[in-house]
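An overview of the molecular structure
Here's the letter readout for the chains.
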Amino acid sequence: MSEATPLLAGRGLHKNFGLTQALRGADLSLEAGEVLAVMGPSGSGKSTLLHCLAGILTPDSGEVIFNGQRIDRMLDGQRTRLRRTVFGFVFQFGQLVPELPVLENIALPLLLAGKGRRVAIAAAQAWLPRLGLEGLGHRLPGEISGGQGQRVAIARALVTGPRIVFADEPTGSLDSVAGDQVMELLVSVAKEEHASVIVVTHEPRVAAYADRQVTVRDGRTVQPAVVGGAP
Amino acid sequence: MSEPEEPQPQLQTVLFQKVVLALMSGRPAHEYLDAQREAHLKVMRELTAARRTASLRDSLLIDYQLFHIEADLRWIDHASGRPDNLIEEMEIEL
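Predicted model only: the values in this text are computed from it and were never measured.

Attention shifts here to the overall build of chain B. Scanning chain B from terminus to terminus reveals four helices and zero strands. Listed N to C, the secondary structure of chain B is α-α-α-α in terms of helices and strands. Taken across its 94 residues, chain B has 33% of its residues classed as buried. Here the analysis covers contacts within chain B between residues at least 6 apart in sequence; of these, 64% occur between residues at least 24 apart. Counting every atom, chain B has about 6,600 Å² of accessible surface; 57% of that belongs to carbon and sulfur.

Now the structure itself:
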């Protein structure tokens, strides 16, 4: 790991939901261009950690710093802008808008960011061949496979040129072959775009695509023993 | 070729014995399991990287290796989630 200031860092993060302590002092840092896997069993707090780092949730205490800025202290509007412009998201079930064709689903973040429709659709169009989605632009999400849907979600996450892609169990609904294809594309395309990736997963095969893995247990990050760097 | 092979549990007996010995001797099994998880993940990262440029035949072999190492890792995570129960159980048996 480099000694440089990380692109994103969470320090001493605590988050409670009622009486449930989801995070109990979690620490995590992400370097620019790094692919990081956050592993852990169900209920360990790994998704809560991802949501705090992405500014979706505000931690009860601790700090989240992106590019030198405290995300946890930002106003809702500032955080929303950050999520729309420099963060991208891929969720377990894609969360595509079912009424919109593939092309418009990919263009959606650009449209929400105020880009003109023609520009947004043209940008989205360019992503179809990169993710093996040629000829599917006019299909609805219900008319494509789960793996294709996740590739659409990857394109939608990257179309704005984000600095970080947050992926929460991106292969959780896929078989192993489709899951491998999705991870291969997510990692290779993100590297081409110089975007960092944080992928939350309980699957070691998915985590193996990352440069580095961190385990969350009982709301805390377990610092790994050093056994060698990424290949 | 048409006769199915007898399924053989690919037991990493050393892995299993080390965990049990750690628990029996009062040593923290978590430390060993965490270190072992790291070692397994390192090999999985290397295999996953090698698969990118492998032929179809070699990638199938790598998949075979990955699935078996993943099975170990799943057991490590399973064991990590219940060392206290194991200690109690073993104290009764001993």
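Inspection of every chain in the model, using the stated rule, returns five aromatic pairs over all chains. Where A:Phe89 meets A:Phe91, the ring centres are 6.0 Å apart and the plane angle is 5°; that geometry is what we call stacked. Between A:Phe89 and A:Phe166, the aromatic rings sit 5.5 Å apart at their centres with planes inclined by 20°, giving stacked as the arrangement. With A:Phe89 in strand β6 (residues 87-90) and A:Phe166 in strand β7 (residues 164-168), this residue pair connects regions lying 77 residues apart in the sequence. Taken together, the ring pairs in this structure connect A:Phe66, A:Phe87, A:Phe89, A:Phe91 and A:Phe166 into an aromatic cluster. Over the face of the ring belonging to A:Trp127 we find A:Arg130, whose NZ or CZ atom lies 4.3 Å from the ring centre. The ring of B:Phe67 carries A:Arg205 above its face, with NZ or CZ at 4.0 Å from the centroid.

All names here are of chain A. Where strand β1 (residues 8-17) meets strand β2 (residues 20-30), eight bridges bridge the pair, whose relative direction is antiparallel. Residue pairing across strands places His-14 opposite Arg-24, the latter belonging to β2. Here β1 hands over to β2 after two residues, with Gly-18 in that stretch at a positive phi of 65°.

Right, let's get into the confidence of the model for chain B. Predicted confidence across chain B gives a mean pLDDT of 81, with 83% of residues reaching 70 or more. Predicted confidence in chain B is weakest over helix α4 (residues 83-93) of chain B, with a mean pLDDT of 61, and strongest over helix α3 (residues 56-80) of chain B, with 90.

Counting through the fold element by element, A:Arg156 comes out in helix α5 (residues 146-158). No salt bridge forms around the buried A:Arg156; measuring N to O, its nearest opposite-charge neighbour A:Glu99 is 10 Å away.

Residue and element names in this part refer to chain A. Of the pockets and cavities examined, the largest pocket occupies roughly 410 Å³. If you trace the largest pocket, you find 15 residues lining it, with Arg-83, Phe-89, Pro-109, Leu-112 and Arg-156 closest to the centre. Mapped by element, the contributors of at least two residues to the lining of the largest pocket are α2 (76-85), β6, α3 (102-112) and α5. Here the lining of the largest pocket is composed, by residue class, of eight nonpolar, four polar and three charged.

We now examine the sheet that holds β1(A). Residue and element names in this part refer to chain A. Spatially, β2-β1-β4-β5 is the arrangement adopted by the four strands of the open sheet, whose pairing is antiparallel. Lying at the two open borders of the sheet, with one neighbouring strand each, are β2 and β5 (69-70). Each of β1, β2 and β4 (61-66) touches helix α1 (residues 46-53); the most contacted strand, β1, lies at about 120° to it.

Residue and element names in this part refer to chain A. With phi around 55°, Asn-67 is a residue other than glycine that occupies positive phi space. On the secondary structure map, Asn-67 appears in the loop between β4 and β5. Located in the positive-phi region is His-194, a residue other than glycine, with phi close to 60°. Residue placement: His-194 occurs in the loop between α6 (176-192) and β8 (196-201). By relative accessible area, His-194 is classed as exposed at 65%.

It is worth spelling out the nonpolar core at this point. Residue and element names in this part refer to chain A. If you look at the biggest cluster of nonpolar residues, it comprises 61 residues, and the most contacted ones within it are Ile-106, Trp-127 and Leu-131. Here this core takes eight residues from α6, the largest share from any one element. Ranked by size, the runner-up nonpolar core spans 27 residues in total, among them Leu-13, Leu-50, Phe-87 and Phe-166.

Residue and element names in this part refer to chain A. Across the sheet, six strands lie side by side as β6-β7-β8-β3-β9-β10; this open sheet has mixed pairing. Across the chains shown, the open sheet's two edge strands, defined by having one partner strand only, are β6 and β10 (220-222). The sheet shows a mean angle of 25° between the axes of neighbouring strands, taken without regard to direction. Here five bridges tie β7 to β8, and the two strands are oriented parallel to one another. Bridge assignment links Val-165 to a residue of β8, and that residue is Val-197.

Let us look at the pairing of β1(A). Here five bridges tie β1(A) to β4(A), and the two strands are oriented antiparallel to one another. Each residue of the ladder has a partner; that of A:Arg11, found in β4(A), is A:Glu63.

Here we take up the side chain of B:Gln36. All names here are of chain B. Examined against the element boundaries, Gln-36 turns out to sit in helix α2 (residues 29-51). Residue Gln-36 is classed as buried on the basis of its relative accessible area of 18%. The contacts of Gln-36, once residues within four sequence positions are left out, are Leu-15 and Ile-76.

Reading the values: rules and limits
- Residues numbered from 1 in each chain as written.
- Chains lettered and ligands numbered in written order.
- Predicted model: local features only at pLDDT ≥ 70, side-chain atom pairs only at ≥ 80, totals over all residues.
- Heavy atoms only, no water.
- Helix = DSSP H or I, 4+ residues; strand = E, 2+ residues; numbered from the N terminus.
- Buried < 20%, exposed > 50% of the residue type's maximum accessible area, 1.4 Å probe, protein only.
- Contact = heavy atoms within 4.5 Å.
- Areas by Shrake-Rupley, 256 points an atom, 1.4 Å probe, with all protein chains shown as cover.
- Phe/Tyr/Trp six-rings, centres within 6.5 Å; stacked < 30°, edge-to-face > 60°.
- Lys NZ or Arg CZ within 6 Å of the ring centre and 35° of its normal.
- Pairing = 2+ DSSP bridges.
- pLDDT = per-residue confidence, 0-100.
- Lys, Arg positive; Asp, Glu negative; His and termini not counted.
- Salt bridge = Lys/Arg side-chain N within 4 Å of Asp/Glu carboxyl O.
- 1 Å grid on protein atoms, 1.4 Å probe; cavity = no way out; pocket = protein on both sides within 12 Å on 5 of 7 lines; lining within 4 Å.
- Points joined across faces, edges and corners; volume = space filled by probe spheres on them.
- Nonpolar A, V, L, I, M, F, W, Y, C, P; charged D, E, K, R; others polar.
- Axes fitted to C-alpha atoms, helices over the stretch in contact; angles between N-to-C directions.
- Core = buried A, V, L, I, M, F, W, Y, C linked by side-chain atoms within 4.5 Å.

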